[in-house]
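# Commentary on secondary and tertiary structure
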Amino acid sequence: MKKKAYKAVDVKKVNVDALSKKVEGQRIVLSTDVAKTDFFASIMTSNKEVLLTLKWKHPSESLLLIELILKNLRWHSLEVVMEPSGTYGDSLRAQFLGHGIEVYRVSPKRSHDAAEVYDGVPSMHDAKASAIIGYLHLEGCSEPWPMPDEDQRTLTAAIRTMEMYD
């Protein structure tokens with residue numbers, strides 16, 4: 001791909017009508033770069049075209065994103081892709097899974113390694129990372145990322161408690 005500029009629109013300032021026309025009836029990938037508070041997401045078509053890159057403050061504006069994606073857009077199918085960055089994205093992942101949307105994860109190592117391949121520039125930043133995550137998902141480099149069930153969460157908590165006291 002060629003070099004390009006990355007611009008992100010605040011989730012509160014999205015032109016919903018224009019975006020809705022672009023995504024109507026399409027397979028859409030929402031690829032999210034997870035951080036502590038400053039989240040970025042690219043809305044990408046199945047032919048790897050980034051329609052829009054969004055930014056928002058997590059957790060205070062995350063429900064605005066969910067409302068925008070689930071209530072205001074008429075896509076044919078939606079897949080959400082994230083990097084597993086600690087637990088910062090767990091609430092967003094749980095929201096989408098709770099609405100029946102499949103969530104996938106892409107290895108941070110893969111997205112880091114793909115930076116120069118994606119646009120010819122080795123540097124990485126949040127808006128670019130969100131596009132790369134979607135690109136890798138569409139290339140088949142992701143895996144489903146369901147929430148662990150109650151037994152798994154209980155076992156993980158017990159192991160972490162034991163490790164803390166070890």
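See the structure shown above.
For the structure given in this document, a descriptive report is provided here. (Residues numbered from 1 in each chain as written. Predicted model: local features only at pLDDT ≥ 70, side-chain atom pairs only at ≥ 80, totals over all residues. Heavy atoms only, no water.)

Attention now moves to the packing of aromatic side chains. Under the defined criterion, the tally for this structure stands at two aromatic pairs. For the pair Phe 39 and Trp 56, a centre-to-centre distance of 5.5 Å together with 55 degrees between the ring planes defines the contact as tilted. Of the two residues, Phe 39 is situated in strand β3 (residues 38-45) and Trp 56 in strand β4 (residues 50-57); the sequence distance between them amounts to 17 residues. The two residues Phe 39 and Trp 56 agree in class, both being buried. Lying across the ring of Trp 145, Arg 93 places its NZ or CZ 3.9 Å from the centre. (Phe/Tyr/Trp six-rings, centres within 6.5 Å; stacked < 30°, edge-to-face > 60°. Helix = DSSP H or I, 4+ residues; strand = E, 2+ residues; numbered from the N terminus. Buried < 20%, exposed > 50% of the residue type's maximum accessible area, 1.4 Å probe, protein only. Lys NZ or Arg CZ within 6 Å of the ring centre and 35° of its normal.)

Let us now look at unusual backbone geometry. Leaving glycine aside, a negative phi is the common case for residues, and trans is the common case for peptide bonds. Between His 58 and the following residue, Pro 59, the backbone shows a cis peptide bond with an omega angle of 5 degrees. Even without being a glycine, Lys 48 presents a positive backbone phi close to 70 degrees. Within the fold, Lys 48 resides in the loop between β3 and β4.

The next subject is the pairing of β4. Remark: a regular strand shows side chains that alternate across the two faces of the sheet. Pairing of strand β1 (residues 9-10) with β4 involves two bridges; the strand directions are parallel. Bridging across to β4, Asp 10 finds its partner in Lys 55. In terms of strand pairing, β3 meets β4 through seven bridges, oriented antiparallel. What sits directly across from Ile 43, in β4, is Leu 52. (Pairing = 2+ DSSP bridges.)

Grouped together as the largest cluster of nonpolar side chains are 28 residues, with contacts concentrated most on Leu 30, Ile 43, Ile 69 and Phe 96. Of all the elements in the fold, those that place two or more residues in this core are α1 (16-23), β2 (27-33), β3, β4, α2 (62-72), β5 (77-82) and α3 (90-98). Core analysis: the second largest hydrophobic core is formed by 14 residues, Met 44, Tyr 104, Ala 115 and Ile 132 among them. (Core = buried A, V, L, I, M, F, W, Y, C linked by side-chain atoms within 4.5 Å.)

Structurally, Thr 161 can be placed in helix α7 (residues 150-165). Separated by 99 residues in the primary sequence, Thr 161 and Ser 62 have C-alpha atoms spaced 30 Å apart. In terms of polar contacts, Thr 161 uses its side chain to reach the backbone carbonyl oxygen of Ala 157, at 2.8 Å. (Polar contact = N/O pair within 3.5 Å; in protein donor to acceptor, adjacent residues only side chain to side chain.)

This brings us to the pattern of salt bridges. In total, this model carries ten salt bridges according to the counting rule given. Here Glu 24 and Arg 74 are joined by a salt bridge, their closest N and O atoms 3.8 Å apart. Taken together, the residues Glu 24 in the loop between α1 and β2 and Arg 74 in the loop between α2 and β5 connect sequence positions 50 residues apart. The exposure class of Arg 74 is exposed, given its relative accessible area of 53%. The salt bridge partner of Glu 139 is Lys 48, with a shortest N-O separation of 2.4 Å. (Salt bridge = Lys/Arg side-chain N within 4 Å of Asp/Glu carboxyl O.)

You can see Gly 86 is positioned in the loop between β5 and α3. Take Gly 86: its relative accessible area is 58%, and that puts it in the exposed class. As a C-alpha pair, Gly 86 and Val 103 span 17 residues in sequence and 16 Å in three-dimensional space.

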